[in-house]
Amino acid sequence: MGRMGRVSTAELGRYLLTGQINRQGCLRTRLPQISANAAFRQKHQTRTFATQADTSSSSSVPPNATAVPVVPFRKQQKDQAKALKASGKKKKKNADNQTVPGWELTVGIEIHAQLNTARKLFSPAAASFNDTPNSHVALFDVAMPGSQPLFQPATLIPAVRAALALNCAIQPVSRFDRKHYFHWDQPAGYQITQYYHPFARDGHITLLARDGIPPEDGDCVEIGIKQVQMEQDTAKTTAQPGEVQWIDFNRVGMPLIEIITQPQIHHPATAAAFVRKVQMLLGSVDACVSGMEAGGLRADVNVSVRRTEDAATGQLGTRTEIKNLSSFKAVEDAVIAERDRQIAVLEAGGVVEGETRGWSLGGTETRRLRGKEGEVDYRYMPDPDLGPVVIGEDLVGHLASSMGMLPDAEIDELAEKYGLSSKDALSLMMLDDGARIQYFYNVLDALEERLEISADAGSDQRHALLAANWCLHELGKLTELASDLGMTPEGECHVPSSDLAAILCHLHRRDITARVAKDLLWGVFRGEIAAGDVTQTVESGNLWFKELSEQEYAGLADEVVTGETKVLGDFLRFKQGKAKAYPQGKLMFLVGKMMRAGAEERMDPASAERVLRARIEEVHLPALESNE
Ligand SMILES: Nc1ncnc2c1ncn2[C@@H]1O[C@H](COP(=O)(O)OP(=O)(O)OP(=O)(O)O)[C@@H](O)[C@H]1O
Ligand SMILES: [Mg+2]
Ligand SMILES: [Mg+2]
């Protein structure tokens with residue numbers, strides 16, 4: 001399809017009859033599959049397990065690992081950052097770059113988020129992600145003459161939930177307008193949107209320090225939300241070499257909400273924190289199931305600057321808008337770059353022009369896309385085919401009362417109940433588009449069942465903290481490689497929650513060592529241990545933890561201390577008050593020696609450390625002193 005050309009009606013007709021235009025190529029790029037197995041083994045020398053179920057060649061690869069060939073977005077970004085560094089254009093660290101003396105930054109954000117619905121906004125075609133291109137298209141979606149919009153009321157459910165999570169007032173009556181502009185991704189030549197009569201207004205969210213706002217913003221900052229409106233998404237286009245664009249009309253007409261903030265953000269990190277928090281809020285009320293990484297959320301940032309002494313006038317500087325940012329980091333980086341560009345223009349005596357600009361991932365500057373917003377006449381007009389949207393108080397009341405706990409309350413609860421740091425709690429909630437926390441709850445349920453602990457019994461929640469740490473950190477290690485956990489929104493992945501619970505149950509009871517537990521995790525992940533077979537694997541591999549006795553530990557401790565007079569001297573100096581800090585490093589050095597000297601599968605590093613420390617204090621130091 002040529003550049004800037006509208007899709008001809010004839011061509012669309014051909015598509016509708018045969019389903020055959022531009023089917024190919026709209027899929028995400030597929031890179032050669034990386035052998036998860038080989039790379040894991042290289043990186044982590046872990047125990048391997050013979051596959052229980054069968055011995056066919058594919059058995060050691062996790063069931064879905066082959067279906068995840070895409071290089072994770074995070075890794076792409078890391079690579080780009082690396083390349084940038086290597087090219088010598090080293091940037092100032094963002095943390096030190098939140099303010100410019102003499103200038104005030106103002107940012108307002110528009111977020112477009114795909115709603116979690118079964119149908120498109122005005123047609124009964126399925127709203128589905130990543131399906132065969134052009135397979136969910138109704139006549140109306142491609143503006144076939146004679147087709148009419150059919151508002152799908154069910155789309156209001158996630159929309160209203162989202163607006164409630166953003167503390168908005170739901171409007172009893174809202175209306176749809178046509179906003180005209182011509183682009184190949186929009187067959188009708190206009191987008192149906194609610195700009196002038198949105199369904200929700202006057203909201204706000206509160207950003208806390210833990211959300212990542214910079215110290216300049218204090219403990220918390222409230223960002224006003226001007227309005228939330230429903231609108232149609234455009235088709236997805238993929239640029240091809242030779243000025244060709246591939247178009248996927250599956251996305252056209254998908255229901256979006258646009259969230260528009262007041263211009264109340266004054267630091268780059270706050271802009272990123274805002275978008276991150278909105279994503280988390282929308283996910284937590286099930287309004288949106290796919291985040292920025294998956295393209296379900298896109299942000300436009302509006303940036304202006306003014307001299308500090310002009311702040312009293314109440315007049316903001318001229319804004320420019322940077323469209324279509326697709327990561328939190330891009331939001332922060334683009335705001336910094338645009339702020340600095342505008343300041344440079346003004347300091348050189350120029351004027352900032354209102355314009356739309358673009359940003360490339362990993363870039364260092366924004367670039368002009370088109371001129372003054374005011375020059376574009378969208379010719380807004382009420383859509384004559386659509387009546388007003390009337391939202392009843394009963395619906396709003398029902399959705400408000402069935403919404404469940406919002407993220408801030410949940411983070412506080414995770415911290416209070418299980419002793420998680422709020423940083424870890426936040427990470428659990430953000431990972432896998434919100435599915436990781438569900439996985440944690442699944443693991444915790446299964447673990448409590450095995451340990452026969454009732455969910456709210458007593459204050460001893462060490463098992464929950466253990467589960468949280470594994471769901472976050474040990475699972476995180478599995479994904480360090482360009483591989484995927486295959487996490488579903490229901491909180492299940494290549495490591496079934498019941499199997500992780502089995503591993504953690506044995507670990508919690510000290511039936512196995514942490515080392516063995518980690519090996520089991522890798523075994524389950526690689527498919528070498530079939531679902532439900534954890535305990536059997538421990539049994540058949542004779543991996544149970546038969547811990548050394550106290551005497552045996554003591555014997556090993558004495559063995560490794562022998563001849564270490566210099567090291568013992570450090571402990572003595574501490575004992576005699578000649579050194580301030582306990583020589584913990586030296587202690588761990590000796591623990592390491594102990595672990596190597598004994599049978600690893602029979603030793604717990606914590607027990608080794610405890611006995612060693614006692615032996616040094618009670619036996620070896622007194623001996624040393626009496627020798628002096
Ligand atoms: N001087 C300013 N500096 C920074 N941000 C501003 C300024 N004036 C307005 N904004 C912000 O710009 C955004 C304007 O978004 P809005 O959707 O209302 O208009 P638009 O950008 O013209 O529309 P669209 O991009 O959807 O066609 C808001 O978030 C608002 O807070
Ligand atoms: Mg807008
Ligand atoms: Mg805008």
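Residues numbered from 1 in each chain as written. Chains lettered and ligands numbered in written order. Predicted model: local features only at pLDDT ≥ 70, side-chain atom pairs only at ≥ 80, totals over all residues.

Focus on the site of ligand 1
- Every one of the 18 residues lining ligand 1 counts as a neighbour, but G108, N302, S304, L316 and R319 are closest to it.
- Elements supplying a minimum of two residues to the shell around ligand 1: β1 (103–114), β10 (255–261) and β11 (297–307).
- For the shell around ligand 1, the element with the highest residue contribution is β1, accounting for 5 residues.
- A breakdown of the residues in the shell around ligand 1 according to their chemical character gives 6 nonpolar, 7 polar and 5 charged. (Near = placed C-beta within 6 Å. Helix = DSSP H or I, 4+ residues; strand = E, 2+ residues; numbered from the N terminus. Nonpolar A, V, L, I, M, F, W, Y, C, P; charged D, E, K, R; others polar.)

Here we look at helix α4 (residues 156–165)
- By the criterion of burial, α4 is predominantly enclosed, with 9 of the 10 residues buried.
- Residues of α4 that are buried include every one of L156, P158, A159, V160, R161, A162, A163, L164 and A165, and no others.
- Lining the buried residues of α4 we find β2 (169–170), β6 (200–208), β7 (220–232), β10, α5 (268–284) and α7 (393–401).
- Taken from the residues just after α4, N167 is the one with a positive phi, measuring 60 degrees. (Buried ≥ 20, exposed ≤ 12 C-beta atoms within 10 Å, placed from the backbone. Contact = placed C-beta atoms within 7 Å.)

Quick notes on the nonpolar core
- Core analysis: the largest hydrophobic core is formed by 77 residues, its most contacted members being A163, V301 and V331.
- In terms of residue count, α5 provides more of this core than any other element does, 10 residues in total.
- Ignoring any residue separated from it by four or fewer positions in sequence, one finds A163 in contact with C168, I170, F199, A200, G203 and V228.
- L420, Y439, W470 and M487 belong to the second largest nonpolar core, which has 45 residues in total. (Core = buried A, V, L, I, M, F, W, Y, C linked by C-beta atoms within 7 Å.)

Things to note about the domain arrangement of the protein chain
- Each assigned domain of the protein chain is listed with its residue range as follows: domain 1 (105–394), domain 2 (405–540) and domain 3 (550–627).
- For domain 1 and domain 2, the distance between their C-alpha centroids amounts to 35 Å.
- Facing the 10 residues of domain 1 at the interface are 10 residues of domain 2.
- Of all the elements, α5 adds the most residues to the side of domain 1 that touches domain 2, at 4 residues.
- Across the side of domain 1 that touches domain 2, the residue classes break down as 5 nonpolar, 4 polar and 1 charged. (Domains from an automatic or database assignment.)

Points about the confidence of the model for the protein chain
- Averaged over the protein chain, the pLDDT score is 83; the fraction of residues at 70 or greater is 83%.
- Confidence drops under pLDDT 50 across residues 1–7; counting only partners more than four residues distant or on other chains, this segment forms 16 contacts.
- The low-confidence segment residues 51–71 (pLDDT under 50) makes 44 contacts with residues lying over four places distant or belonging to another chain.
- Interface confidence for the predicted complex, given as ipTM, is 0.98, next to a pTM of 0.72. (pLDDT = per-residue confidence, 0-100.)

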